[in-house]
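# Geometric and topological summary
Next come the chains, spelled out residue by residue.
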Amino acid sequence: MKLMIDYVRPYFGKMSIGLFIKFTGTIMDLLLPWILAYIIDNVIPLKNMNRIILWGIVMIICSILAVILNIVANRMASKVARDSTESLRHDLFKKITYLSANQLDTYGIPTLVSRLTTDTYNFNHTIGRMQRMGIRAPILLLGGIVITLTLDPVLTLVLIAIMPLIVATVYFVSKKGIPLFTQLQEEVDQLIQVVRENITGSRVIKALSKENYEQNRFMRINDTVVKAETTANMTMSVNSPLMNLFLNTGLTFVILVSAFRVNAGTTQPGVIVAFMSYFTIILNAMLSITRIFVLMSRGLASADRIQTVLETEADMLIEKKDEISTEQHIQFEQVSFSYYQGQKILNEISFSLKKGETLGIIGPTGSGKTTIIKLLMRLYDIDRGTIRINGKNIKSIPFEELHSLFGVAFQKDILFADTIAENINFGRDLPIDEIIRSTDFAQADEFIDSLNAGFEHRLSTKGANLSGGQKQRVIISRALAGEPDILILDDSSSALDYKTDAKLRNAINNHFHQTTTIIIAQRISSIRNADHILVLEEGNMVGYGTHDELMKINEGYREISQSQMGGDKVAG
Ligand SMILES: Nc1ncnc2c1ncn2[C@@H]1O[C@H](COP(=O)(O)OP(=O)(O)OP(=O)(O)O)[C@@H](O)[C@H]1O
């Protein structure tokens, strides 16, 4: 609720005007049966045609005003809902952008996607509908009761007698319904996850003819969502029929009692006609109020899920200055790390690189190579040890400053649905010459020149309209552009042939003297000329030195090298 109030607060002024207009329109609606009763009981018996026409005109004016005022108020309500949701969605997106890698792992991407889409939609729907019905329904209900009391207090008692039943029904059904909608949203998260995996992995699914398997997987989760939705809706759907039952029973009593009262001359026929209209108005108002409760159940469940993300506190703070004087550019001092407690991924890793030096990292899959990079960029905080850049503990460097030092080509990096030039530039306002130069180094120039639109060629989402090697080259160009202080190539030459890989390494050696480079590779040829090579196995440093040193002293390294000899010769 707090979240809703917070985001609607800037529009309180506009909302108040809208609600006042709604209020006036609703009063017009409320007046109509009363005017009708007055015409039947007091104007018609006078048999004065002019007065009848006059009161008829009053009724028409009230009806038209009611329609116009309601339309204006509804439009204003939609605007308030639209604007408050826009700023909520903006804040949520911003918050998600700044969540740490650890927090992203904890939430999971699907739930964040559904909080940003379905939950903000529910928020919008709730705010909009609440303004439209939230004031109208209670006014119709209360106003209806007050007017019926003035018309005929005895008949109104019948109506009031069934009120506690209605309130109890709304209370108990809503109490059960709210948690069911929260659960439903969690099932929807799972559904999004399956859809995401299915669409991302569509190629491999087709290649392995696993369409049926995936369809079954989707059917299972879809079934669960349907069941959760059915349970939630079934619970809430008890509301309306029960209301109808109570109110129609009340109406039957009203008709019975009014028949006696008209016969006894204690009330007039016009009053009974008006009473029936008010009874319908009150019935609809009650139904609207139950709908408001359903709506609020969903809206509050969604608002809670959004609020949890918005209130997530930063788990990686910038610590106080910690700097030593050193000629090393990058230092890992006995760094240990685990993603989860008890699952050690890196153990006492130490190495140092001077500015412009190159480190090659090699090791079996899952040995922790990429994790070293993630720690250097402070995507995760280390458990023990220290990581320094230019002598500064990275925990003391503001994130923007830290990340601006890097040019990174990750293993499975992403390309966006934009031009090749913008994919390389990536919002950095680099001069076009710099972009072209980076494609020369990354050996991407040839294929870009062959495209009709060249650098303006638009990529599909994730660069789906490029080959694996072409994608890799654009990603490497992005890492090289802007001559970063630290260049990271994480297995990024895997989709390049040996010759192109060698050309890329030559370009880096010849033109990036001031850039400290870390290359993660499966092929020894990609790192054999590196100043230092780190051999990693199950998170432990099992070798460190130059290629020649490791060939002499490290059996594991020698074995890998010998098994890749053919490739090495080609690469030169
Ligand atoms: N976000 C994460 N949460 C939990 N565990 C993770 C996460 N990322 C990686 N791991 C685990 O950490 C270990 C090291 O992963 P890492 O990606 O560093 O390996 P790698 O040596 O780069 O592997 P590869 O050569 O296959 O890319 C693996 O066992 C992996 O399952």
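Residues numbered from 1 in each chain as written. Predicted model: local features only at pLDDT ≥ 70, side-chain atom pairs only at ≥ 80, totals over all residues. Heavy atoms only, no water.

### Section: a nonpolar patch on the surface
Applicable threshold: Residues with no salt bridge and a relative accessible area higher than 30% make up the patches, which join like charges within 9 Å and nonpolar side chains (Val, Leu, Ile, Met, Phe, Trp, Tyr) within 5 Å. All accessible-area figures derive from a Shrake-Rupley calculation using a 1.4 Å probe, and residue coverage is judged against the displayed protein chains alone. Salt bridges are defined by distance alone: a side-chain nitrogen of Lys or Arg within 4 Å of a carboxyl oxygen of Asp or Glu. Only DSSP runs of H or I with at least four residues qualify as helices, and only runs of E with at least two residues qualify as strands; both kinds are numbered from the N terminus onward.
On the surface, Met49, Ile53, Ile57, Ile61 and Leu65 cluster together into a nonpolar patch covering about 450 Å² of accessible area. The residue Leu65 is located in helix H3 (residues 49-98) in this model.

### Regarding the site of the ligand
As a reminder of what qualifies: Only heavy atoms are used to decide nearness, and a residue is near a molecule or strand if one of them lies within 4 Å of it. Identification of polar contacts relies on pairs of N or O atoms within 3.5 Å, with a donor-acceptor requirement for protein atoms, meaning one able to donate a hydrogen and the other able to accept it, and with residues adjacent in sequence counted only if both atoms are side-chain atoms. Polar here means any residue outside two lists: the nonpolar Ala, Val, Leu, Ile, Met, Phe, Trp, Tyr, Cys and Pro, and the charged Asp, Glu, Lys and Arg; Gly therefore counts as polar.
Around the ligand, a shell composed of 16 residues is seen, among which Thr365, Gly366, Lys369, Thr370 and Thr371 lie nearest. Contacts to the ligand include Lys369, whose side-chain N or O atom sits 2.7 Å from an oxygen atom. Here the ligand has 640 Å² of accessible area as a free molecule, and 72% of this is covered by the chains. Ranked by residue count, the leading element in the shell around the ligand is helix H13 (residues 369-376), at 4 residues. Here the shell around the ligand is built from residues that sort into 5 nonpolar, 8 polar and 3 charged.

### With respect to the UniProt feature "domain: ABC transmembrane type-1" (unreviewed entry) in the protein
We count it as follows: UniProt positions are given in the numbering used here, feature names are shortened, and annotations may be inferred rather than shown by experiment.
Under the local residue numbering, the UniProt record ascribes the feature "domain: ABC transmembrane type-1" (unreviewed entry) to residues 17-298. Each end of residues 17-298 is marked by a C-alpha atom, and these two atoms are 26 Å apart; helix forms 92% of the span and strand 0%.

### Let's talk about the pattern of salt bridges
Heads up, the condition is: Per-residue accessibility, obtained with a 1.4 Å probe over protein chains only, is compared with the maximum for each type, and a residue is labelled buried under 20%, exposed over 50%, and partly exposed between these values.
One pass over the structure, following the stated rule, counts 20 salt bridges. The shortest N-O distance in the salt bridge between Lys2 and Asp6 comes to 3.0 Å. Placement of the pair is Lys2 and Asp6 together in helix H1 (residues 2-8), with a separation of 4 residues, close to one helical turn. Its relative accessible area of 29% is what places Asp6 among the partly exposed residues. One salt bridge connects Asp6 with Arg9, and the closest N-O pair in it is separated by 3.4 Å. Given a relative accessible area of 46%, Arg9 falls into the partly exposed group.

### Structural notes on helix H8 (residues 163-200)
Since the α-helix packs 3.6 residues into each turn, any two residues three or four apart lie on the same face. Here is the rule: To estimate the expected span of a helix, count its residues, drop one, and scale the result by 1.5 Å. Bend, in this description, refers to the angle at a residue between axes fitted to the seven residues ending there and the seven starting there.
Helix length check: H8, at 38 residues, gives a terminal C-alpha distance of 54 Å against a target of 56 Å (1.5 Å per residue), a fit within 8%. The sharpest bend along H8 comes to roughly 25 degrees, located at Ser174.

### A word on the side chain of Ser367
Cut-off, in case you're wondering: The contact criterion used throughout is that any non-hydrogen atoms of two residues lie within 4.5 Å.
Take Ser367: it is sitting in the loop between strand E3 (358-362) and H13. Once residues lying within four places of it in the same chain are set aside, the contact partners of Ser367 are Ile345, Leu346, Leu536, Glu537, Glu538 and Gly539.

### A few points about the nonpolar core
What counts here: Within this scheme, the nonpolar core is defined by two criteria: the residues are buried Ala, Val, Leu, Ile, Met, Phe, Trp, Tyr or Cys, and they are joined through side-chain atoms within 4.5 Å.
Core analysis: the largest hydrophobic core is formed by 39 residues, its most contacted members being Ile420, Phe447, Ile476, Leu480 and Ile533. Listing elements by their share of this core, those giving two or more residues are helix H15 (420-425), helix H16 (432-441), helix H17 (445-450), helix H18 (468-480), strand E7 (486-490), helix H19 (498-511) and strand E9 (532-537). With 5 residues, H18 is the single largest residue contributor to this core. Setting aside its immediate chain neighbours within four residues, Leu480 contacts Glu434, Ser438, Phe441, Ala442, Leu487, Leu504, Ile508 and Phe512. If you look at the next biggest cluster of nonpolar residues, it comprises 37 residues, including Ile166, Leu247, Val254 and Ile289.

### Overview of unusual backbone geometry
Positive phi values are uncommon outside glycine, yet Asp429 reaches one of about 55 degrees. Along the chain, Asp429 falls in the loop between H15 and H16. A positive phi is found at Gln443, a non-glycine position, where the angle reads about 60 degrees. With respect to the helices and strands, Gln443 occurs in the loop between H16 and H17.

### Things to note about the pairing of E7
So the rule is basically this: Pairing between two strands is assigned when DSSP locates at least 2 bridges connecting them.
Counting buried residues along E7, 5 of its 5 residues qualify, which places the element largely inside the surrounding structure. Burial of the side chains of E7 extends over both faces: Ile486, Ile488 and Asp490 are buried on one face and Leu487 and Leu489 on the other. With 5 bridges joining them, E7 and strand E8 (residues 516-520) adopt parallel strand pairing. In the sheet register, Leu489 faces E8, and the bridge partner there is Ile519.

### Here's the deal with the domain arrangement of the protein
Threshold: Residue ranges for the domains trace back to a domain assignment, done automatically or taken from a database. The term buried area refers to how much accessible surface (probe radius 1.4 Å) is lost by two components on association, counted for both of them together.
Domain boundaries in the protein define domain 1 (2-310) and domain 2 (328-571). A straight line from the C-alpha centre of domain 1 to that of domain 2 covers 55 Å. Roughly 390 Å² is buried in total at the junction of domain 1 and domain 2, and carbon and sulfur atoms are behind 39% of that figure. Broken down residue by residue, the surface that domain 1 buries against domain 2 is led by Ala101, Asp105 and Arg203, which jointly contribute 65%. Viewed at the interface, domain 2 and domain 1 are joined by 0 salt bridges. Where domain 1 meets domain 2, there are 1 residue pair in polar contact (both at pLDDT 80 or more). The element that contributes the greatest number of residues to the side of domain 1 that touches domain 2 is helix H4 (residues 101-107), accounting for 3 residues. In the side of domain 1 that touches domain 2, the residues fall into 1 nonpolar, 2 polar and 2 charged.

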